[in-house]
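Spelled out from the first residue to the last, the chains are:
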Amino acid sequence: MCTQIDAIIEKGGTGVAQPEYLRIAGDLRRRISSGEFGPGDRLPTLPALCQEYRVSETTIRNALGLLRNEGLIQTKARAGTLVRPRPPVHRMAADRYRTVPGAKATPYTRDQDIGWSEYRLDKRFEKVHADSELAALFECEPGERLLARHFVFYDNDQPTQMSTSYVRWSDVAGTPVADPINEPWPGGTRAQMAGLGITVTRITESFTAAMPTEAEAATLRVGAGVPVIRYTRRHIADTGRVVEVAHPVVRRGDTTVVDFAIDLDD
C-alpha cells in the first residue's frame, strides 16, 4: 500500500511530480556512481535510451545535458557519449609552503605528491606596470614596475595548474630570479626571495570558485561542466612588505581539496 510519504518520495520529496528528464538523469547518475558505467565507458545510444526509459529524444537530451553540465559525461564526435574519466584528487595542505631548504621540491610538487622528474613548467616572463588592482594587492602605487611570470604547471605532462606570479622589478632586476631559464626553482618563491636576502614570514591566500574561462578550460584541458578554483596568494616579508602576488592561481575544482588547520588556544 502506497503511503502519503511514499508518494512524496516518488515525486522527488516535494509532493510535486518530478520532471522525467530529472528522474532519468538521477538514474544515470546512480548507474555511473555505482560503476555500472565506468570512466571511459560509452553510454547507450540516444534511440536505446529512448526505448529503455520510454520517453522522447528531447527528454533524453535534457537529461544528458544536465549530466554534461555536472562534468559526469562528455560527447565526442564519432565516439558517442562517454563517462568522463576522473583524474586523481590532490590535497593542498596548509603546511605546503614549509619546504626543506635546498630540496628539489615546491609547494606544487607537494600538492601533487610528485617528484622533481615528474614536474614540468611552461613559462613566459614580461615586464608590466601595476594597475589599480595589483597596486592594492602589493600595497604600492599604481604604475610600479613588476615582473609578470606566466606559468602552466604539469604533473607527468598533464596540466593541472596555471598562474601569473608578479614580483617587484626593483627586487629582481639583474638577478637569476628574473631569468626564466632558472625555472622551476627548487623551493619555489620563498626560496627565491631568500636568495635575494628577503625573508618571507607570512603567506596569505584567498579563494573563489567559478566556471573556467575559455582560455583556462583549454590550458587545463577540462571538459564542459568542470569548475575551477581561483586563488590569490601573497608572499609578505618580515618587514611587512608584499614581495610577490600570484593573481590568480587556477586549478581544476573537481580534483582539488584545500585543507586548513586551525590551532585554537585553550
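Rules behind the numbers
- Residues numbered from 1 in each chain as written.
- Predicted model: local features only at pLDDT ≥ 70, side-chain atom pairs only at ≥ 80, totals over all residues.
- Heavy atoms only, no water.
- Helix = DSSP H or I, 4+ residues; strand = E, 2+ residues; numbered from the N terminus.
- Rg over C-alpha atoms; globule rule 2.2 N^0.38 Å.
- Buried < 20%, exposed > 50% of the residue type's maximum accessible area, 1.4 Å probe, protein only.
- Contact = heavy atoms within 4.5 Å.
- Areas by Shrake-Rupley, 256 points an atom, 1.4 Å probe, with all protein chains shown as cover.
- Lys, Arg positive; Asp, Glu negative; His and termini not counted.
- Charge placed at Lys NZ, Arg CZ, Asp CG, Glu CD.
- Arc of directions from axis to C-beta.
- Polar contact = N/O pair within 3.5 Å; in protein donor to acceptor, adjacent residues only side chain to side chain.
- Expected span 1.5 Å × (residues − 1).
- Phe/Tyr/Trp six-rings, centres within 6.5 Å; stacked < 30°, edge-to-face > 60°.
- Pairing = 2+ DSSP bridges.
- Axes fitted to C-alpha atoms, helices over the stretch in contact; angles between N-to-C directions.
- Salt bridge = Lys/Arg side-chain N within 4 Å of Asp/Glu carboxyl O.

Asks: Run through the overall build of the chain, naming residues and quoting values.
Replies: Each helix and strand counted, the chain has nine helices and ten strands in total. Taken over C-alpha atoms, the radius of gyration comes to 24 Å for the chain, far larger than the 18 Å a tight globule of 266 residues would show. When the backbone C-alpha atoms are referred to their principal axes, the chain occupies close to 75 × 55 × 35 Å. Counting all 266 residues of the chain, 41% fall into the buried class. Sequence separation of 24 or more characterises 61% of the internal contacts of the chain that already satisfy a separation of 6 or more. Carbon and sulfur atoms form 52% of the exposed surface of the chain, whose accessible area is close to 14,900 Å². Side chains of the chain give 34 positive and 35 negative charges; the mean places of these two sets differ by 5 Å.

Asks: For helix 8 (residues 188-195), give the residues involved together with the corresponding values.
Replies: All of the buried residues in helix 8 are G188, T189, Q192 and M193. Seen along its axis, helix 8 keeps its buried residues to an arc of 155 degrees; they face one direction. Where the residues of helix 8 are buried, they touch strand 5 (145-155), strand 6 (158-168), strand 7 (200-210), strand 8 (228-237) and strand 9 (242-252). The positive-phi residue at the C-terminal boundary of helix 8 is G197, with phi of around 80 degrees.

Asks: So what's going on with the side chain of D254? Which residues, and what values?
Replies: The topology assignment puts D254 in the loop between strand 9 and strand 10 (256-258). Residue D254 is classed as buried on the basis of its relative accessible area, which comes to 16%. At 3.1 Å, the side chain of D254 forms a polar contact with the side chain of R84. Separated by 2.9 Å, the side chains of D254 and R252 make a polar contact. What D254 contacts, discounting residues up to four positions off in sequence, is R84, R86, V89, V226 and P227.

Asks: A description of helix 4 (residues 57-69) should follow, citing residues and the corresponding values.
Replies: With 13 residues, helix 4 extends 18 Å between its outermost C-alpha atoms, agreeing within 8% with the 18 Å of an ideal straight helix rising 1.5 Å per residue. Turning to helix 4, its buried residues are T59, I60, A63, L64, G65 and L67. In this structure, the buried side of helix 4 is in contact with helix 2 (20-33), helix 3 (46-53) and strand 1 (73-76). Looking one or two places after helix 4, you find G71, whose phi comes out positive at around 80 degrees.

Asks: So what's going on with the packing of aromatic side chains? Which residues, and what values?
Replies: Here the structure, examined in full by the defined rule, presents eight aromatic pairs. Between W116 and Y119 the ring centres are 5.4 Å apart and the planes differ by 80 degrees, which places this aromatic pair in the edge-to-face class. On the accessibility criterion, W116 (22% relative accessible area) is partly exposed. Here Y119 and F153 contribute two aromatic rings whose centre-to-centre distance is 6.4 Å and whose plane-to-plane angle is 5 degrees, an arrangement assigned as stacked.

Asks: Residues and numbers for the sheet that holds strand 9, please.
Replies: Across the sheet, six strands lie side by side as 4-5-6-9-8-7; this open sheet has antiparallel pairing. Strand pairing shows two members of the sheet lacking a second neighbour, strand 4 (119-129) and strand 7, which therefore form its edges. Each strand of the sheet is rotated relative to its neighbour by a mean of 15 degrees, with strand direction disregarded. Here strand 5 runs beside strand 6; their pairing, made up of ten bridges, is antiparallel. Its bridge partner lying in strand 6, F153 is registered against Q161. Along the sheet face, helix 8 touches strand 5, strand 6, strand 7, strand 8 and strand 9 and points at about 20 degrees away from the line of strand 8.

Asks: Describe the pattern of salt bridges, naming the residues involved and giving the relevant values.
Replies: Pairs may arise between side chains of opposite charge once their charged atoms sit close together. In this structure the tally under the stated criterion is 21 salt bridges. Of the charged contacts in the structure, one is a salt bridge between D122 and R120, with a shortest N-O distance of 3.1 Å. Taking the shortest distance from any N to any O, the salt bridge between D157 and R120 comes out at 3.3 Å. Of this pair, D157 sits in the loop between strand 5 and strand 6 while R120 is found in strand 4, placing the two residues 37 residues apart along the sequence. On the basis of relative accessibility, which here comes to 34%, the residue R120 falls in the partly exposed class. Connected through salt bridges with shared partners, the residues D27, R30, R31, E36 and E52 form a single ionic network.

So yeah, pure geometry; function would need other evidence.
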